[in-house]
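As a plain string of letters, each chain reads:
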4 protein chains.
Amino acid sequence: MIPQADDEDLEDRLHEECGVFAIMGADEASTYVALGLHALQHRGQEGCGIATFDGERFHNERHLGLVGDNFTGADLTQRLPGRAAIGHTRYATQGANILRNVQPLFADISSGGFAIAHNGNFTNSRALREELVESGAIFQSTSDSECILQLTARSRKIKIVDRFVEALSQAHGAYAIVCLSKKKIIGARDPLGIRPLVIGRRGDAYILASETCALDIIGAEFVRPVANGEVVVITMGPTGKAEIESYFPWGRQAARPCIFEYVYFARPDSIVDGMSVYEVRKRMGERLARETGVDADVIVPVPDSGVPAALGYARESGVPYELGIIRNHHVGRTFIQPKQEIRALGVRLKHSANRDVIAGKRVVLVDDSIVRGTTSRKIVQMIREAGAAEIHFRSASPPIAHPDFYGIDMPTREDLMAANLTQLEMKKQLGVDSLGFLSVEGLYWAMQAGERDPLRPQYSDHCFTGDYPTKLIDHHADRAAKDFQLSLLADSSSSS
Amino acid sequence: MIPQADDEDLEDRLHEECGVFAIMGADEASTYVALGLHALQHRGQEGCGIATFDGERFHNERHLGLVGDNFTGADLTQRLPGRAAIGHTRYATQGANILRNVQPLFADISSGGFAIAHNGNFTNSRALREELVESGAIFQSTSDSECILQLTARSRKIKIVDRFVEALSQAHGAYAIVCLSKKKIIGARDPLGIRPLVIGRRGDAYILASETCALDIIGAEFVRPVANGEVVVITMGPTGKAEIESYFPWGRQAARPCIFEYVYFARPDSIVDGMSVYEVRKRMGERLARETGVDADVIVPVPDSGVPAALGYARESGVPYELGIIRNHHVGRTFIQPKQEIRALGVRLKHSANRDVIAGKRVVLVDDSIVRGTTSRKIVQMIREAGAAEIHFRSASPPIAHPDFYGIDMPTREDLMAANLTQLEMKKQLGVDSLGFLSVEGLYWAMQAGERDPLRPQYSDHCFTGDYPTKLIDHHADRAAKDFQLSLLADSSSSS
Amino acid sequence: MIPQADDEDLEDRLHEECGVFAIMGADEASTYVALGLHALQHRGQEGCGIATFDGERFHNERHLGLVGDNFTGADLTQRLPGRAAIGHTRYATQGANILRNVQPLFADISSGGFAIAHNGNFTNSRALREELVESGAIFQSTSDSECILQLTARSRKIKIVDRFVEALSQAHGAYAIVCLSKKKIIGARDPLGIRPLVIGRRGDAYILASETCALDIIGAEFVRPVANGEVVVITMGPTGKAEIESYFPWGRQAARPCIFEYVYFARPDSIVDGMSVYEVRKRMGERLARETGVDADVIVPVPDSGVPAALGYARESGVPYELGIIRNHHVGRTFIQPKQEIRALGVRLKHSANRDVIAGKRVVLVDDSIVRGTTSRKIVQMIREAGAAEIHFRSASPPIAHPDFYGIDMPTREDLMAANLTQLEMKKQLGVDSLGFLSVEGLYWAMQAGERDPLRPQYSDHCFTGDYPTKLIDHHADRAAKDFQLSLLADSSSSS
Amino acid sequence: MIPQADDEDLEDRLHEECGVFAIMGADEASTYVALGLHALQHRGQEGCGIATFDGERFHNERHLGLVGDNFTGADLTQRLPGRAAIGHTRYATQGANILRNVQPLFADISSGGFAIAHNGNFTNSRALREELVESGAIFQSTSDSECILQLTARSRKIKIVDRFVEALSQAHGAYAIVCLSKKKIIGARDPLGIRPLVIGRRGDAYILASETCALDIIGAEFVRPVANGEVVVITMGPTGKAEIESYFPWGRQAARPCIFEYVYFARPDSIVDGMSVYEVRKRMGERLARETGVDADVIVPVPDSGVPAALGYARESGVPYELGIIRNHHVGRTFIQPKQEIRALGVRLKHSANRDVIAGKRVVLVDDSIVRGTTSRKIVQMIREAGAAEIHFRSASPPIAHPDFYGIDMPTREDLMAANLTQLEMKKQLGVDSLGFLSVEGLYWAMQAGERDPLRPQYSDHCFTGDYPTKLIDHHADRAAKDFQLSLLADSSSSS
């Protein structure tokens, strides 16, 4: 048998819960959605879906797996015709039977067909769901996003935008949502703007997307971010050009976007709320070098997430940056558990030490963060076996000591290394000669945000500080999405 | 290219809309359901599903295709554990995206998990659905059966049986339904008993099934038919034996079961409402010979549906019964349209003439019925080309001149041969030397039912007589299941 | 878990080793081959293949499974273009890795491309193979048929027909072979004509096929059987019409075709070497009634193979013929072993007793033959449980006491019931009230062949008599195809 | 429709024709082979195969696709048991029907089972094949590697090593081959050592592999490279340890390994013939900076192949190294051709410009080489659209003006940009402000090889110099593998 590539490693990553994309006013709209979702693939590899409206009927296709493996083929625009479309990518988990959770979710409601795609998490989804079921609602998925669909279906308002806003008003938490009705595409970002959403334009079409990289891939121009608490409605104007209107149904307040988008999630070439992610990450590394500098021979990034911070670190410290770890891009998903003797080889399926660069050297290993620490430990061991004289581990973000409830798939507190161990214990357990983290102040410096305002922090930085941006309504709300106590254990179906 | 086997031929068959099976009180209940559904496979080959309850959780598996291709494998009872289970087979149609219509349908409703499997058709399903959607219900399928699930979810009654009965009270038409909740299996047959349902027993377990052949395959004893308008509730008694209770929530009235079960649908080895299907069919042939006798050399059945009637005909007439048509059992589903020249060969993919028996002979061709007439015409042509001297076509049932709205998938009136042509025109179009049908009186004679009571007919014989057993609430109700005007054209999903 | 449908039952059948079909001179030749192979599907369901030549290049497609599941689709003639084509169906076995054994086998030999399809068995294939390997030949399959391909490749003759005949001259046993080269289709039948092959004509095209039913399906006219020891060569004449030439490279001798084609293999609507298979089988039943008559209430055929003999038996005896066993045509291939308690239900997946016809009756059960006896025993038990008063089993052929080495996949002597038990023991083991077999004389009578000539029997009847038509060169030659001692246990490949 | 990701881009890469791996003396040998092939996946993604010997029988599994998608699963060592195994990865091509070309190739030859896996190309394969076919050989593949198998099968020598050496003696060109017989693993490297092969050791086992990275992944120790013209034979010694013997059947001569392994093929963490590939590449960049320096603001590598050279370039020039191009690792294989309007977006499926780093900057773009120039042109255009002020393209190898015939899948001369255009024309066509190549002298300097010896060059550098290391026997030998004029156009088979 063969070492499992990644199960433990996968668990030792943070998972964004999705990317969304919408476009109105372009021929072959589904092509643009497919491209946009492909650019957002880093936000979720578990599943993907596209819903379109062709002027008469809706079409919806949802799949497990990657965009590039599913939304292709010469018949794509036949399968998904129309000038208006929305799409969704979903993060990777184990577990087979999840197709019915893949979005866009669709329903025929009394105002007509309605499709939604959601990035984020509702912190009161459990209570909402129980109430809905009590009054006779039948859920098709176990996803918290479906509450919004059910609430929209039950609204007594006439207009779809009013129905949708009424539904959103009952939900708490983080969201960037795009919806498709017969006449409209609606986008909404939660009142704090925790999850990102941007507006783009291409010819006559308007676009909504989680990140600017999804605009770049289709050659669209970046217009502006959707503001926190903003609802935008895109319709077709009389001249055949898409038009956009903006609403603030819950008034205005200060934004507090999730700082983890900069630390880990967003693609480095994206501009999130006005900041270049790549530049922020290099500045994290630069500041990290200043805060945790050490005598060393080489700076080695953990690929690919540690690369920009390692470049910043190397530049600030003057120590050469080297590719000390080679990443294998051909890792299959299904390598499985080996006999004990070669189990330790597992990490090498994905990473291998560049022995020539490591042997006899004092190595500074730079990664973006430490979550469970399991992968970090294996990488340290691999570097050690390649002959490093010293290993100094540097995290380009502060210790992660608090779980997230806003759409990041994160281990529970018990599994977060920094929530359970002192830095001395962590150093020992990782097997490194020294361990350093960027400070929260350093993080704000890298964001060019000045000092952190302790009363009204400029970012949702709760994973580092424990300072949650909203009241947490459900007890154990973080578990809601996972263990909603459904009667149905498994509903597996196939067309084979 | 290759001739299409069967598209036209398939259309020229009547399709039952399903078979149902339920069992409570047996280890590995899903195994028995799989066997029972296999025995009911003739009632539907489009899809099949099984839902079980294992004492803690529900499990549901639904597939397109045959029982024997899906509910097999050493892990079946792991996949579908429990001592209580229900199952469903669904009739064959073209059209890809139908998995979400395959039953059992399942929902978490406020009283807990609930699964239903339905054979029949609700004649007011369109009105019910519109009303439900108006008030915020979200449907997962386009099936009329889901109305009952939604109505049960919305009932304000406490007990599941009361909720279910309340739901059924709002539905009109024909049904044999089995349901599974945490503690109960519920079965119900519509007030006229249009669709069949029987009770069986095997050891400690009680069984419900569409036909007795599904009891035979698992070695269960036939107890009795469920009566028209009866609701039966199976629970586990304190001693570990299943117990059964009976209710008549809508009072008692005379039954009027569908006579087509005897003519075509039921398996010949089933006993339906006390009558051997095989014996009835032979008597139809016997009477047919008396009513339409003709000088002939051989009696040839159209296999397999015409075989019992042909035996009866031959015995009565004294003319030898011969296998003049050989059926090929290996027909793949996907043969496609040929060039014009060999298109006419299509029927031969499934049937071939046994030339040696036919050539130079006066042939009486016996089939159970004539629907569109397309297949009959092709078979006649094939027999003609094999050299028959004369061809006398005999239908073992009266002319089908009226569509069904109670769960038989039947062409519309415009496509029913006998609704549009005189018998003389039919004879000409079929290309036969004579054409004969069993009379309605003959049919009742074969049923050993005495005279047909014109005021209160003993059977639902509307396809022959136009005398429908219930008021037809939806205009064009027969179309309801097919063209419910959904916004969503296609929702195709896959896990590949 | 669920009872295994058929593993034991499948083993208790005789399996023909193939059907062949060839056509030259028709547009879209592959369509005709697909249809012809479909009609020959009863001769083999394991695999199927078609090779064509389009005037420039050869095309070859081979699949596991049924013709109708593989050689379909609008692109068939694009995939397999050309006016000359051959095809093959192969009998069903368990065992996964057999694709490379599926025919037509193809090779680029020095005279150009060459494809062959073979029905039969070479009794000296093991010796041939060892000799070829010794001199450097590399085999692609484990099939005995490949020896002919290798020998043809190595021939020093110039013309392809000469090469092929030289190759055949070294092989002993039974064969009906069709081959495709750039300019020719060649057909050959072994010197005794053990396996069948016929010539047909359709428009400008000539056809070769194992049985006449494959001519009927494409509307071709039956020309004549290929004679024993005849080689026919089809070419395109100057006027665009196919032309046929005939050779007897090994001279002429008396034919001795396999009598089992009449007893079991051939389709009832085929004419084999001038005799209607259906008529012969009815006569077997008629004679069987005379030889083994008994007082009874019903004659029940074991479907489908026992039907014609049962009709003959019923007619001769005057006892009514009834459908006492219903066959389920929807049996999936993969039902698996159940727990012991319901294992005995296995036979009911395929057959079910028509209780109403059986209960309290004295039943004569008619089948074509008894091989291992395992299925027969289960059917008897099922009939017994359905309440039969007496069961009289009748085999429409003599006891099978000797294995076949000429292309029938048959159990070894140890597994043949009649080779190991007296008729009294068989009666006891089957659990019947009486047991009767047709005599060898009766068989010849049914063939209208007069007396069996003990010195030069008119048929290959060795399974009943032990009188083999050729010398058996390989020791255990019957095993050759199965356990050729290959070094390679498994060569499994996939394109997934 | 959606832009094709990579068809053109894929064509604009060089493709190694394979990686090989062999191990003798380890339990679960196939696990090690799977891991080793995974580490060699960069040498070929089209197909992969493993053959093992379990002491009694051989096992062979071959698949299209990646190692990690095929050689996994808990049953791997059941499917491929044994302590001796060889494996192969094959480069990616379009074209469906290639399974029979995937290696190891296996044959039962007179000395027993024999499996081979080959990296390289025989320059006289066409002549060899024609000769073999003429004398009756039947080829199973269109691969040139099969000639060696056929020649080994035909050898009259007794011992397998002698047979194999005799076969190799008739073949010209480049090869690193590993073979498996019942008792031995044999490895061979061509007389010039054009393709790489190394020896490793792990516990009692000996290993052969194309690169050292395949030793690292299984924790094996690097012993030494196989020398040019060396044949090594691994057997099991009496004490259970593998033993290795070495032969030089064609005497000794100076080596001339392929310099392209350093430029592009080998993984950066491999040591090839004693040199660190990563270090050589950095030195190429360093020298490139010296030879082609230019005023600039940022050094941007074309990921991933240009990264080490860009690091060397940046270090030498003092200009900052930046991630100006982000690579998307989730590219599906099947994105297809878009409408013209968005076709140009194709390159962005795989690469996207990091606008923030590029806009307004003078950019030095560093890649390892320029082949057709099509991808380079698209990347330049993308960088231009991202707002670069100047673009200076630098190739870390000399212009490729001559095709390869030794196992690199390379465009023909007509498609090599540098074979057809002057550097000025190339600059114009690429749309860059300046264009620079490393000199051949610079390349040798980077190899630390001193001056290139014009009479006996130390490397096979023919792609840059036209100085081919062997006589080219077949006219158009480079085409041999591709267009061997087979009669059979397509042999597609499936088990579905």
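As the structure is a computational prediction, the values presented were derived from the model and not from experiment.

Colleague: Help me understand the relation of the copies chain A and chain D, please; the structure alone is not making it clear to me.
Modeller: Both copies of the chain are tied together by a single rotation about an axis and a shift running along it. You can overlay chain A on chain D at an RMSD of 0.1 Å; the transform is a turn of 180° with a shift of 0.0 Å along its axis. Considering both components of the superposition, the chain copies are consistent with a two-fold axis. In terms of C-alpha distance to the rotation axis, chain A has His329(A) as its closest residue, with the C-alpha 3.6 Å off the axis. When the interface residues of chain A are mapped onto chain D, 100% of them again lie at the interface, so the same face is used by both copies.

Colleague: I would appreciate a short explanation of the sheet that holds strand S13 (residues 231–236) of chain C in the present structure.
Modeller: Two orientations exist for strands paired in a sheet by backbone hydrogen bonds: parallel and antiparallel. Residues and elements named next belong to chain C. Taking strand neighbours across the sheet as the criterion, the 6 strands line up as S6-S7-S8-S9-S13-S14 in an open arrangement whose pairing is antiparallel. Of all strands in the sheet, those bounded by a partner on one side alone are strand S6 (105–109) and strand S14 (242–247). Taken over all neighbouring pairs, the strand axes of this sheet differ in orientation by 20° on average, direction set aside. When strand S8 (residues 173–180) meets strand S9 (residues 185–189), the two strands line up antiparallel, connected through 5 bridges.

Colleague: Looking at this structure, I do not really get helix H14 (residues 374–385) of chain C. What am I missing?
Modeller: Because an α-helix completes one turn every 3.6 residues, residues spaced three or four positions apart along the sequence face the same direction. All names here are of chain C. When the terminal C-alpha atoms of H14 are compared, their 17 Å separation across 12 residues agrees well with the 16 Å that a helix rising 1.5 Å per residue should span. Along H14, the residues classified as buried are Thr 374, Thr 375, Ser 376, Ile 379, Val 380, Met 382 and Ile 383. Following H14 by one or two positions, Gly 387 has its phi on the positive side, about 100°.

Colleague: Please explain the side chain of Asn119(D) as it appears in this structure.
Modeller: All names here are of chain D. For Asn 119, the position within the fold is in strand S7 (residues 112–122). The exposure class assigned to Asn 119 is buried, which follows from its relative accessible area of 0%. Among the polar contacts made by the side chain of Asn 119, one reaches the main-chain carbonyl oxygen of Cys 18 at a distance of 3.2 Å.

Colleague: Hey, could you run me through the packing of aromatic side chains in this one?
Modeller: Aromatic ring pairs are reported here in terms of the distance separating the ring centres and the angle at which the planes meet. Inspection of every chain in the model, using the stated rule, returns 42 aromatic pairs over all chains. Where Phe260(C) meets Phe265(C), the ring centres are 6.0 Å apart and the plane angle is 45°; that geometry is what we call tilted. Residue classification places Phe265(C) among the buried residues on the basis of a relative accessible area of 5%. An aromatic cluster of three or more residues is present, and its members are Phe260(A), Tyr264(A), Phe265(A) and Phe464(A). Its guanidinium or amino end placed over the ring of Phe139(C), Arg129(C) lies 4.1 Å from that ring's centre, counting from NZ or CZ. Directly above the ring of Phe248(D) sits Arg252(D), whose terminal nitrogen or CZ lies 3.6 Å from the centroid.

Colleague: Help me understand the environment of Asp295(B) in this model?
Modeller: Residue and element names in this part refer to chain B. Within the element layout of this structure, Asp 295 appears in the loop between helix H10 (277–292) and strand S17 (298–301). Placed 24 residues apart in sequence, Asp 295 and Val 319 show a C-alpha to C-alpha distance of 8.7 Å. When near neighbours in sequence (up to four residues on either side) are disregarded, Asp 295 contacts Arg 362, Glu 390 and His 392.

Colleague: So what exactly am I meant to see when it comes to the pattern of salt bridges here?
Modeller: Once the charged atoms of two side chains with opposite charge are near each other, the side chains can pair. Scanning all chains against the criterion turns up 96 salt bridges over all chains. In this structure, Glu291(A) and Arg287(A) form a salt bridge, with 2.7 Å as the shortest nitrogen-oxygen distance. You can see Glu291(A) and its partner Arg287(A) sitting in helix H10 (residues 277–292), 4 residues apart, about one turn around the helix. The residue Arg189(D) makes a salt bridge to Asp273(D) at a minimum N-O spacing of 2.8 Å. With Arg189(D) in strand S9 (residues 185–189) and Asp273(D) in the loop between strand S15 (271–272) and strand S16 (275–276), the pair connects residues that are 84 residues apart, well separated along the chain.

Colleague: Explain helix H2 (residues 29–39) of chain C to me, please; I cannot follow it from the model alone.
Modeller: Most of H2(C) is tucked away, with 11 of its 11 residues classed as buried. When we look at burial in H2(C), the residues that qualify are Ala29(C), Ser30(C), Thr31(C), Tyr32(C), Val33(C), Ala34(C), Leu35(C), Gly36(C), Leu37(C), His38(C) and Ala39(C).

Colleague: How do you make sense of the interface of chain A and chain D when you look at a structure like this?
Modeller: The accessible area lost on association of the parts is a frequent measure of interface size. With 67 residues of chain A at the contact, the number on the chain D side is 67 residues. Summed over the shared surface of chain A and chain D, the result is 6 salt bridges. Among the ionic pairs, Arg315(D) bridges to Glu322(A), the shortest N-O distance being 2.8 Å. Tallying contributions element by element places helix H2 (residues 29–39) of chain A first for the side of chain A that touches chain D, with 6 residues.

Colleague: Can you walk me through the interface of chain B and chain C in this structure?
Modeller: Taken together, the contact pairs 67 residues of chain B with 67 residues of chain C. Counting the contacts that link chain B with chain C gives 6 salt bridges. Across the contact surface, chain B and chain C share 20 residue pairs in polar contact (both at pLDDT 80 or more). At 6 residues, the largest contribution of residues to the side of chain B that touches chain C is made by helix H2 (residues 29–39) of chain B. Tallied by class, residues from the side of chain B that touches chain C come to 30 nonpolar, 18 polar and 19 charged.

Quick notes on the rules
- Residues numbered from 1 in each chain as written.
- Chains lettered and ligands numbered in written order.
- Predicted model: local features only at pLDDT ≥ 70, side-chain atom pairs only at ≥ 80, totals over all residues.
- Heavy atoms only, no water.
- Least-squares fit on C-alpha atoms with pLDDT ≥ 70 in both.
- Contact = heavy atoms within 4.5 Å.
- Pairing = 2+ DSSP bridges.
- Helix = DSSP H or I, 4+ residues; strand = E, 2+ residues; numbered from the N terminus.
- Axes fitted to C-alpha atoms, helices over the stretch in contact; angles between N-to-C directions.
- Expected span 1.5 Å × (residues − 1).
- Buried < 20%, exposed > 50% of the residue type's maximum accessible area, 1.4 Å probe, protein only.
- Polar contact = N/O pair within 3.5 Å; in protein donor to acceptor, adjacent residues only side chain to side chain.
- Phe/Tyr/Trp six-rings, centres within 6.5 Å; stacked < 30°, edge-to-face > 60°.
- Lys NZ or Arg CZ within 6 Å of the ring centre and 35° of its normal.
- Salt bridge = Lys/Arg side-chain N within 4 Å of Asp/Glu carboxyl O.
- Nonpolar A, V, L, I, M, F, W, Y, C, P; charged D, E, K, R; others polar.

Treat this as a map of the structure, not an account of what it does.
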